[in-house]
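# Coordinate analysis (summary)
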Amino acid sequence: GGGVSGAWEGMPESRGYLGISAPISEAPPTAKDLSLNTELERTLAGLGVYEDDTRATLRKLVLEKLRSHVRDWAVGMAKDRGLANPGRAGADLMTFGSYALQVHTPEADIDVLCVAPRHVTRLDFFDASRATT
């Protein structure tokens, strides 16, 4: 009991790697690999693909402010519904996509999923009359 079922049945518990197939190579990078990597990084930086520290910090601040609003909103919903211990009824934001993988460009959006407790419904989330500023 408690194991993963379906397509994963019969898979070894520990294979030493993640995924279905083994790695193509476990050899460390060669001097040529490292040189090509450095050249690629220089090229990408020259094209403005990397986000500067100021913008990265701004993204983090915006996400934290949004996360705080979402948590406060979920606690408020718990209070409105008379739940015991409303302070423990928080929600959270989960990032995914290019931002979460740290491969986003400076102009990219941030994909965010709001994870909320049961007392918060989709209708609550999209109900404009409950929106706060």
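Here goes a summary of the coordinates provided. Computed from a predicted structure; not experimentally measured.

### Section: the overall build of the protein chain
Summing up its helical and strand segments, the protein chain has four helices and two strands in all. For the protein chain, the proportion of its 133 residues judged to be buried stands at 15%. Across the protein chain, contacts joining residues at least 24 apart in sequence account for 53% of those joining residues at least 6 apart. Here the protein chain displays about 10,700 Å² of accessible surface, and carbon together with sulfur accounts for 57% of that area.

### Topic: helix 1 (residues 31-46)
Since there are 3.6 residues in each turn of an α-helix, residues three or four apart along the chain are aligned in direction. Taking 1.5 Å of rise per residue, 16 residues should cover 22 Å, and helix 1 covers 23 Å from first to last C-alpha, within 8% of that figure. Looking one or two residues past helix 1, G48 carries a phi angle of roughly 75°, positive in sign.

### Details of the nonpolar core
Generally speaking, a soluble globular protein has its nonpolar side chains buried in company with each other. Listed in full, the seven residues of the largest apolar core are V70, W73, A74, M77, A91, L93 and V120. For this core, the element with the highest residue contribution is helix 2 (residues 53-80), accounting for four residues. With sequence-adjacent residues up to four places away left out, W73 is seen in contact with V120, D124 and F125.

### Here we look at the side chain of R67
Among the structural elements, R67 can be located in helix 2. Discounting chain neighbours no more than four positions away, the residues touching R67 are D92 and L93.

### Description of unusual backbone geometry
In this structure, Q102 is a non-glycine residue whose phi angle is positive, near 60°. Note on placement: Q102 falls in the loop between helix 3 (97-100) and strand 2 (111-115).

### Considering the pattern of salt bridges
Evaluation of the coordinates by the stated rule reveals six salt bridges. A salt bridge links D92 to R67; its shortest N-O distance comes to 2.7 Å. Of this pair, D92 sits in strand 1 (residues 92-96) while R67 is found in helix 2, placing the two residues 25 residues apart along the sequence. R81 is paired through a salt bridge with D124; the nearest N and O atoms lie 2.8 Å apart. One end of the pair, R81, is in the loop between helix 2 and strand 1; the other, D124, is in helix 4 (residues 122-126), with 43 residues separating them in the sequence. What makes R81 partly exposed here is its relative accessible area of 37%. Through salt bridges with shared partners, one network takes in E64, R67, R71 and D92.

The rules behind each value
Starting afresh in each chain, residues are numbered from 1 along the sequence in its written order. Whole-chain, interface and lining totals are the exception, using all residues; otherwise, since this is a predicted model, local features are given only for residues with pLDDT of at least 70 and side-chain atom pairs are given and counted only at 80 or more. Only hydrogens and water are set aside when side-chain values are computed; all heavy atoms of the structure are taken into account. By the criteria applied, helices consist of DSSP H or I runs no shorter than four residues and strands consist of E runs no shorter than two, each listed in order from the N terminus. Burial classes follow relative accessibility: with a 1.4 Å probe on protein chains only, a residue under 20% of its type's maximum area counts as buried, one over 50% as exposed, and anything between as partly exposed. Contacts are assigned to residue pairs that have any heavy atoms within 4.5 Å of one another. To measure how exposed things are, a 1.4 Å probe is used in the Shrake-Rupley method; for residues, cover is taken only from the protein chains shown. Residue count minus one, scaled by 1.5 Å, sets the expected span of a helix. By nonpolar core we mean a set of buried residues, namely Ala, Val, Leu, Ile, Met, Phe, Trp, Tyr and Cys, connected to one another through side-chain atoms within 4.5 Å. Every case where a carboxyl oxygen of Asp or Glu lies within 4 Å of a side-chain nitrogen of Lys or Arg is listed as a salt bridge.

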